[in-house]
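# Overview (structure and organization)
Listed below are the residues making up each chain.
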Amino acid sequence: MLSSTNSENPAPISTSFLECSVTEPRKELQGSRDAHVSYLIITKTNSPLFTRPECKVRRRFSDFVKLQEILSRLNEDCVVPPLPAKHKLEYIKGNRFSDNFIYRRASLLNRYITRCAFHPVLHRSPHFIAFLENPNWNNYVRYFIQPKLNTTSKLDEFSDSLLNAFSKLKEEPTEFDIQRDHVQQFMLGISNLETSIQRIVRLEKTLETDYEDVSAQFDRLASLDQTLEIPVESIHQALQKTGEEYSFLIEKLTLLLDTIKDVQSYAQSLKELLKRRDQKQQDVEALQEYSSKLSLERDKISSGGSNGFSFSKTFDDLRGVDHNDSRLKRLEQVQSELQAVEQAIQEASIVHEAFNQRVREESKLFDNVRQSEMLSAINDYANVHVEFFTNIRELWLHAKQ
Amino acid sequence: MDVLKEGVYKERSSLESHETSEGLDRGANTKIAIVSTVTSSDGSYVEYEVAHKKRSVWRRYSDFESLVKLMHRRYPAAIVPPIPGKQSLLSYAKNPRKAKNDADFLGFRSRMLELFLRQCFLHPLIRVDSDFDKFINSSVSWNVIISSMNLPKDSTDPLRLPPIGTEPDPFAHLRSSMPLVMSNAISPPSSISQKQKVSSQTARPTSNPSTTSSIDGPVYPESEDEVKHPPTSSEAFTTHESDDNNSSASIQDRSSYLPSAIDGLSITSNPQDTNRSETKDLTSYTNEVILCRKFLHHNLSPSIHSTLNGISKMESSLSKLGSAFHSLTALNEIHLANHLQVIANAFEFSGMYAKELEQEFNSAVYEKLIQSMQLARSAVRALKYKNLKIQQRDFLQDQLVHSSSFNSLESSSPSAQPSNRLNSIQRAMISQAKKGYTIFGRLQNAIYDFVDGETSISKETLQEHTKTIENQLNVANQDCQTIDKLIDEELEFYKACQSTQLKEIVNAVHASISKWAQSNLQRWLRTREELEQLSRSI
């Protein structure tokens, strides 16, 4: 569970708290086409943004998906925690109602909600609050949010026309570049870790069957050869139970693996955020380029037009348009455009700077989350293994007697 | 002795034997060990130091081999303990190495040779054998000892050897002419004890990989014994599928000398004399031994093998996990990095312990299991020999019966045959009888017929023939009696060896897994403590 205080970030400790938990998966409407699993969300808060201090609602996975979409579209500057993957394979195999799967999904959703609650911006989002307490989520989505999703912001208009997705940023390695590299490396390391853990879990599965097999064989040995008195009874039991212990270990390790995967996808979201930020910066820079181009043109015009032969001059002569007039008109045009662009640049810079600030905050948040989650994962690992080996030793000590 | 200490491998293999064998006290307290191995002066072979009663001799692997061969010849009825095989072609192809250079392999051989010697000390016949004594105690080179014995050619079939070679053999002159019987002979009606083939009710190997499947880590030494399926032992007995495994074995009906019209398939149990009950036990025990061996071969050992594989793979994966954690330390802040370091260490230690477990398991459990299998195979061979001897005797009896019937036929109608020739029917019967059921018999007859034409079989030859048969029958009877006397002791020996071995195996499984769990537990407890300390110090 993430607490709202951490030592790295000396933010003011908020007096309000928000606690959510996802529990009690229940299978709904079984047998019909719309069979699904719903999860109970319990919220306890003392924040004034909520209508009641305690709410309980039931949501299904697609509701979570919708919430995710909303939050990420409307809060571009946040790292919205990632949702557990849809696990299409299990859908096809028809396994999505197995207890194991549901349990895992419930714990992942729990972590998702907790993260959102912990997020300084997201947890104040009205949509999030609606999700937590509004009993009629579907209507809310359809009538209130959907239209909003379809509008775009003013900045987007400008940047759409100027966007060049393949242009590179200016060369100075900003703090964000460093951060991006950092995240990248971290993701590599984590995925390495994840594959190792997966391999171990697989091996442990084979070991489990092996132990059971050996135990069965020893049992048969005893029944086979009555002339030889072999004390296989104890060993048979112990081996079998060892196999069982391995299966428990595997379950727990799988849960921990989910944690690691989660951290990984969180890192991925951060990476995407950084990319978005980079894009915004590109937009701003493009605007600036445009503005400098315009001012060059203006200077050119105001300095008396082009020297020597030019098409526009001759063309104007042909049309009988006054040079000066047209020049002045053009100058006016350019001026006004320049002004508009400058204004846009200013606005954009402000927004961009705010965005940058948010990104810094997100990175810090990510660091915190990453640390605490990995710490708890490591502790869990140690505990799980201690338990496992304690049990095994007990088993075999007992068998000796 | 041309042993020099150039490149000395010092390997301490397991030392003293703590066996308590029932009733075989003399062998129980002998301590014999193979304490080290030494490469010869020119580096071409390895010698093993056999230490016994504060004396040691050096023997090489081929010495052991020739000792075993000698024991087989001298005591064809005995269960000779097995020695580790040479490298099978398959495992050599997988991992080409010279035996003398591979420390693991040498360790394996030393352990198995020591086990061999210990079992020899328990064996009632071998341990009092003078040549075995020389092997153990005398510093004379084994080649010299061997060449000083007058051994007949190696290719003698064991059926033509006396069951106990050290005693003076009153029938030595008759040995070479004893008939050879094949094990799956289908006999004429009167009396053949019927052995049952171990039917397919022994579980076939399940999903376990064969022992020759590819192995990642160290190659577990396999001799060719394990590679082959057990062909000879199971075909040693005639098959009649109507019977199931557990029906009682048939007993030969000795009292009938006349060719009775007993259906060869009928089972009669006639526990009149002790010899017969011995035979009954023999057969059923043979079945048990075969079952045991098959089980060990097909089921227990592959499953232990795959467990070993799993454990060795675990070891590499665990250490990789440790290094994955390690590599993350560089990317994270100090606090987290320390934690990561701690857990990385824990996993690496885990990997180490897994390797230890694997090694112990291998040497204490898996190898012993293989040895048990080989011992069972040896026992099967010895029991087969006994059965063959019995068949030999029965065959001779039949022959006697046939010849005496001919004689009586002959004498009853002398006038019908003025000449010394037999009529064609009788001749056919004789050649049928004489043919035996052996290739040699047939060949002999073919040659006679070719060479001598119709005059080959005459009345005198017939009578001589009967005489020979009688003598041979005598020999066979004597042999069977000797064997019967031996059986009890042999079976005791076998049981003692196997049960001690299996007990040791069970204990070893216990010990190695407990140790593994214990060391891992300590390490993880310490890890947890360290982690807590780290968290508290923030």
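Keep in mind it's a predicted model, so treat the numbers as computed, not measured. (Residues numbered from 1 in each chain as written. Chains lettered and ligands numbered in written order. Predicted model: local features only at pLDDT ≥ 70, side-chain atom pairs only at ≥ 80, totals over all residues. Heavy atoms only, no water.)

### Considering the overall build of chain A
- Helices and strands together make up the secondary structure of chain A, namely 10 helices and 3 strands.
- Going residue by residue from the N terminus, the α and β elements of chain A occur as β-β-β-α-α-α-α-α-α-α-α-α-α.
- Scored against the burial criterion, the 401 residues of chain A give a buried share of 43%. (Helix = DSSP H or I, 4+ residues; strand = E, 2+ residues; numbered from the N terminus. Buried < 20%, exposed > 50% of the residue type's maximum accessible area, 1.4 Å probe, protein only.)

### Let's talk about the overall build of chain B
- When its secondary structure is counted, chain B shows 14 helices and 4 strands.
- The buried share of chain B, taken over its 538 residues, is 52%.
- When the accessible surface of chain B is totalled, it reaches about 24800 Å², and 53% of it is carbon and sulfur. (Areas by Shrake-Rupley, 256 points an atom, 1.4 Å probe, with all protein chains shown as cover.)

### Digging into the pairing of strand β3 (residues 46-52) of chain B
All names here are of chain B.
- For β3, a buried count of 6 out of 7 residues is recorded, marking the element as mostly surrounded by other parts of the structure.
- Where β3 lies against strand β4 (residues 55-60), 6 bridges are found, and the strand directions are antiparallel. Note on β4: the bridge partner recorded for Ala51 is Ser56. (Pairing = 2+ DSSP bridges.)

### Overview of the interface of chain B and chain A
- With 55 residues of chain B at the contact, the number on the chain A side is 53 residues.
- Regarding the contact of chain B and chain A, the summed buried area is about 5300 Å², with carbon and sulfur atoms giving 73% of it.
- Put simply, chain B and chain A have 0 salt bridges between them.
- Along the contact surface separating chain B from chain A lie 3 residue pairs in polar contact (both at pLDDT 80 or more).
- Every element with two or more residues in the side of chain B that touches chain A is listed here: α10 (274-329), α11 (334-412) and α14 (459-537) of chain B.
- Split by residue class, the side of chain B that touches chain A holds 32 nonpolar, 16 polar and 7 charged. (Contact = heavy atoms within 4.5 Å. Buried area = accessible area lost by both parts, 1.4 Å probe. Salt bridge = Lys/Arg side-chain N within 4 Å of Asp/Glu carboxyl O. Polar contact = N/O pair within 3.5 Å; in protein donor to acceptor, adjacent residues only side chain to side chain. Nonpolar A, V, L, I, M, F, W, Y, C, P; charged D, E, K, R; others polar.)

### What to know about empty space enclosed by the protein
- Enumeration according to the criterion identifies 13 cavities of 30 Å³ or more in this entry.
- Considering only enclosed or pocket space, the largest cavity measures out at about 140 Å³ in volume.
- If you go around the largest cavity, you meet 15 residues; those closest to its centre are Tyr246(A), Phe389(A), Met314(B), Leu318(B) and Trp516(B).
- Among the elements of the structure, α7 (175-224), α8 (232-302) and α10 (323-400) of chain A together with α10, α11 and α14 of chain B are those that each provide at least two residues to the lining of the largest cavity.
- Residues that form the lining of the largest cavity fall into these classes: 11 nonpolar, 3 polar and 1 charged. (1 Å grid on protein atoms, 1.4 Å probe; cavity = no way out; pocket = protein on both sides within 12 Å on 5 of 7 lines; lining within 4 Å. Points joined across faces, edges and corners; volume = space filled by probe spheres on them.)

### Section: the side chain of Ser350(B)
Residue and element names in this part refer to chain B.
- One can find Ser350 in helix α11.
- Under the relative-accessibility criterion, Ser350 is labelled buried at 5%.
- Ignoring any residue separated from it by four or fewer positions in sequence, one finds Ser350 in contact with Leu318, Asn520 and Trp524.

### A closer look at the nonpolar core
- Judged by nonpolar contacts, the single largest core of 94 residues is most densely connected at Phe218(A), Trp396(A), Ile304(B) and Ile513(B).
- Secondary structure elements with two or more residues in this core: α7, α8 and α10 of chain A together with α10, α11 and α14 of chain B.
- Sorting elements by how many residues they give to this core places α10(A) first, with 18 residues.
- In contact with Ile304(B), other than residues within four places in its own chain, are Val214(A), Phe218(A), Phe361(B), Val365(B), Tyr366(B) and Leu369(B).
- One finds Ile79(B), Leu113(B), Leu125(B) and Ala382(B) within the second-largest nonpolar core, a separate group that totals 50 residues. (Core = buried A, V, L, I, M, F, W, Y, C linked by side-chain atoms within 4.5 Å.)

### Focus: the environment of Leu521(B)
- Along the chain, the position of Leu521(B) falls in helix α14.
- When its relative accessible area of 5% is taken as the criterion, Leu521(B) is described as buried.
- Leu521(B) sits 171 residues away from Ser350(B) along the chain, and the two C-alpha atoms are 9.6 Å apart.
- Contacts of Leu521(B), omitting those with residues within four sequence positions, involve Val386(A), Phe389(A), Thr390(A) and Arg393(A).

### Looking at helix α4 (residues 126-133) of chain A
- The element α4(A) is largely enclosed, with a buried count of 7 among its 8 residues.
- Residues of α4(A) that are buried: His127(A), Phe128(A), Ile129(A), Ala130(A), Phe131(A), Leu132(A) and Glu133(A).

### Some remarks on the packing of aromatic side chains
All names here are of chain B.
- Scanning the entire structure with this criterion turns up 16 aromatic pairs over all chains.
- For the pair Phe325 and Phe347, a centre-to-centre distance of 5.8 Å together with 5° between the ring planes defines the contact as stacked. Taken together, the positions of Phe325 in helix α10 and Phe347 in helix α11 put the pair 22 residues apart, joining distant regions of the chain. Note on accessibility: Phe325 and Phe347 belong to one class, buried.
- With a centroid separation of 6.2 Å and 35° between ring planes, the pair formed by Phe349 and Tyr353 is classed as tilted. Of this pair, Phe349 and Tyr353 both sit in helix α11, 4 residues apart, which is roughly one turn of the helix.
- On the accessibility criterion, Phe349 (27% relative accessible area) is partly exposed. (Phe/Tyr/Trp six-rings, centres within 6.5 Å; stacked < 30°, edge-to-face > 60°.)

### Here we look at the pattern of salt bridges
Residues and elements named next belong to chain A.
- Summed over all chains, the structure comprises 20 salt bridges over all chains.
- Between Arg358 and Glu361 there is a salt bridge whose closest N-O contact spans 3.3 Å. Here the residue Arg358 and the residue Glu361 both occupy positions in helix α10, the gap between them amounting to 3 residues, near one helical turn.
- For Glu361, a relative accessible area of 36% gives the class partly exposed.
- Using a relative accessible area of 10% as the deciding quantity, one classes Arg358 as buried.
- Salt bridges sharing common partners tie together Asp177, Arg180, Arg277 and Asp278.

### Details of the UniProt feature "coiled-coil region" (unreviewed entry) in chain A
- Annotation from UniProt places "coiled-coil region" (unreviewed entry) at residues 263-290 and 324-351 of chain A.
- Between the end C-alpha atoms of residues 263-290 of chain A there is a gap of 41 Å, over a span that is 100% helix and 0% strand. (UniProt positions renumbered as here; feature names shortened; annotations may be inferred.)

### Let's talk about helix α2 (residues 61-74) of chain B
- The terminal C-alpha atoms of α2(B), which comprises 14 residues, lie 20 Å apart, in line with the 20 Å expected from a rise of 1.5 Å per residue.
- Of all the positions in α2(B), only Tyr61(B), Asp63(B), Phe64(B), Leu67(B), Val68(B), Leu70(B), Met71(B), Arg73(B) and Arg74(B) are classed as buried. (Expected span 1.5 Å × (residues − 1).)

### Thoughts on the confidence of the model for chain B
Residue and element names in this part refer to chain B.
- Confidence in the prediction for chain B averages 66 pLDDT; 57% of positions are at 70 or higher.
- Within chain B, no element has a lower average pLDDT than helix α9 (residues 231-235), which sits at 31, and none a higher one than α2, at 86.
- In the predicted structure, residues 185-277 sits below a pLDDT of 50 and forms 154 contacts with residues beyond four places in sequence or in another chain.
- Note that pLDDT drops below 50 for residues 414-422; the model gives that stretch 12 contacts with residues more than four away or on any other chain.
- Two numbers describe this predicted complex: its pTM, 0.68, and its ipTM, 0.73. (pLDDT = per-residue confidence, 0-100.)

### Quick word on the packing of helix α1 (residues 61-74) of chain A against helix α3 (residues 99-118) of chain A
Residues and elements named next belong to chain A.
- Two elements in contact, α1 and α3, have axes whose closest approach is 12 Å; the angle formed by their N-to-C orientations is 30°. Comparing the axis directions of α1 and α3 gives the class roughly parallel. Remark: the crossing between α1 and α3 carries left-handed chirality. Only Arg105, Leu109, Tyr112 and Ile113 of α3 make contact with α1, whose side of the interface consists of Phe61, Phe64, Leu67, Gln68 and Leu71. (Axes fitted to C-alpha atoms, helices over the stretch in contact; angles between N-to-C directions. Parallel < 35°, antiparallel > 145°, perpendicular 65-115°, else oblique. Left-handed = near helix turned anticlockwise from the far one by under 90°.)

### Describing the environment of Ser312(B)
Residue and element names in this part refer to chain B.
- Here Ser312 shows up in helix α10.
- Looking at Ser312, the relative accessible area reads 8%, which means it is buried.
- Along the backbone, Ser312 and Glu358 are 46 residues apart, and their C-alpha atoms lie at a distance of 6.3 Å.

### Considerations on the pairing of strand β3 (residues 54-60) of chain A
Residue and element names in this part refer to chain A.
- Where burial is concerned, the two faces of β3 differ: the one with Cys55, Val57 and Arg59 is buried and the one with Glu54, Lys56, Arg58 and Arg60 is not.
- Sheet topology note: the strand β2 (residues 36-45)/β3 ladder contains 7 bridges and is antiparallel. Counterpart to Tyr39 in the pairing with β3 is Arg59.

### A look at the side chain of Ser378(B)
- Position of Ser378(B) relative to the elements: it lies in helix α11.
- Not counting residues up to four positions away in its chain, the partners in contact with Ser378(B) are Ile79(B) and Val80(B).

### Details of the packing of α8(A) against α10(A)
Residue and element names in this part refer to chain A.
- Relative orientation of the contacting elements α8 and α10 amounts to 170°, with a least axis distance of 8 Å. Considered as vectors, α8 and α10 are oriented roughly antiparallel to each other.
- Looking at the contact of α8 with α10 residue by residue, the classes come out as 38 nonpolar, 15 polar and 16 charged.

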